[in-house]
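# Examining the three-dimensional arrangement
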Amino acid sequence: MRPRTRTLFVALALSLAQPQPVESQGVYLGARGGISVTDYSFPHLSEDWRSGVVAGAFLAIPVRPQVSLQPELSWVRKGADWFSEGRGPTRAELDYAAATTLVRLSLPLRNFSVSVLGGPWVGILARCGTDGDEAGDCDSVFGSDQHRNTDFGYDVGLGAAFHTGSLVVQLEFRRSRGVSRLLKDRARDNPTTESTQLSLALGYRVWGG
C-alpha cells in the first residue's frame, strides 16, 4: 500500500476512534453513476485509455459527527494488463458486480461539504473484454491462463456534496485498486485490477436529520 493511501486510512481510523456523540445527520439512500477509466499507457511509448460505466446504489449511515459509513452495491469496469502466452501483451476490460464499504470523513460548510473516503470492496467477475471486444467471453480473454472470478481491493477518493432539504448531490473522484492476483498459479507477471472513477450521486434522506 502506498504511503499516501496508508496515511488516509490512518486519518479515517483516528476519526472513528474519537469519543464524540452522534449528531442527527440523517440516513441517506441513493444511486450513483459515472465513468470508470483505466490507463493502459506505456511511458514514452503509447497512450491507451479505456472507459466504461460505473453504476450502483448506496446507503449513507452517520456514526459520528462528520463521519459516516457508506455501504454500496455497484457495477463497475476495471482493467488489467499482462503477458499472455501465444498472444503477447493482453489488456483486459473486466466488469465486476462489487460490494463496497466506505468510511467518509466530511467537512461541512453550510449546505456544502467536502470529504475524503476510503474502504474495502469485494467483486465478482461478470464480464470480460479486450481490444474493444465486448463479447463477454472470459475464457477467450484469459486463454490458457486460469483466472479468479472473485477480486478484493480498496477505494480511496475525494468528494463534494450539496445538501438541500432531504436531498444530497455528490460528486466523487475515486481510485480503485485490487490486491488479489487475477491469475491462478502464476508467480510472475500476475496482474491486479485498477480503475479511476468519476461519478455523480443523488441521495434522499430516509431517516433523521
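Shown above is the structure to which this text applies.
This report concerns the structure included in the present document. Keep in mind the model is a prediction, meaning the values are calculated, not measured. (Residues numbered from 1 in each chain as written. Predicted model: local features only at pLDDT ≥ 70, side-chain atom pairs only at ≥ 80, totals over all residues. Heavy atoms only, no water.)

Mapping Asp39 onto the fold places it in strand β1 (residues 27-39). With 42 residues separating them in the primary sequence, Asp39 and Asp81 have C-alpha atoms 10.0 Å apart. Apart from the residues lying within four places of it in its own chain, the contact partners of Asp39 are Asp48 and Trp49. (Helix = DSSP H or I, 4+ residues; strand = E, 2+ residues; numbered from the N terminus. Contact = heavy atoms within 4.5 Å.)

Next up on the list: the environment of Leu202. Residue position: Leu202 is located in strand β8 (residues 194-207). With 174 residues separating them along the chain, Leu202 and Tyr28 place their C-alpha atoms 9.3 Å apart.

With that settled, the discussion passes to the nonpolar core. If you look at the biggest cluster of nonpolar residues, it comprises twelve residues: Ala80, Trp82, Ala92, Leu94, Tyr96, Leu125, Cys128, Cys138, Val141, Phe142, Leu182 and Leu183. Mapped onto this core, the elements with two or more residues apiece are β3 (67-84), β4 (88-109), β5 (112-130) and α2 (138-142). For Cys138, the contacting residues outside a window of four places in its chain are Leu125, Arg127, Cys128 and His147. Membership of the second largest hydrophobic core comes to six residues, among which are Tyr28, Phe58, Ala60 and Ala201. (Core = buried A, V, L, I, M, F, W, Y, C linked by side-chain atoms within 4.5 Å. Buried < 20%, exposed > 50% of the residue type's maximum accessible area, 1.4 Å probe, protein only.)

Applying the stated criterion across every chain yields a total of 13 salt bridges. Put simply, Arg91 and Asp48 hold a salt bridge, and the shortest N to O gap is 2.6 Å. With a gap of 43 residues between them, Arg91 in strand β4 and Asp48 in the loop between β1 and β2 (49-64) connect regions that are remote in the sequence. For Arg91, a relative accessible area of 16% gives the class buried. With a closest N to O distance of 2.8 Å, Glu93 and Arg50 form a salt bridge. Residue Glu93 is found in strand β4, and its partner Arg50 is found in strand β2; the two are separated by 43 residues along the sequence. The same class applies to Glu93 as to Arg50, namely buried. When salt bridges with common partners are traced through the structure, they connect Arg32, Glu72, Arg104, Asp155, Glu172 and Arg174 into a single cluster. (Salt bridge = Lys/Arg side-chain N within 4 Å of Asp/Glu carboxyl O.)

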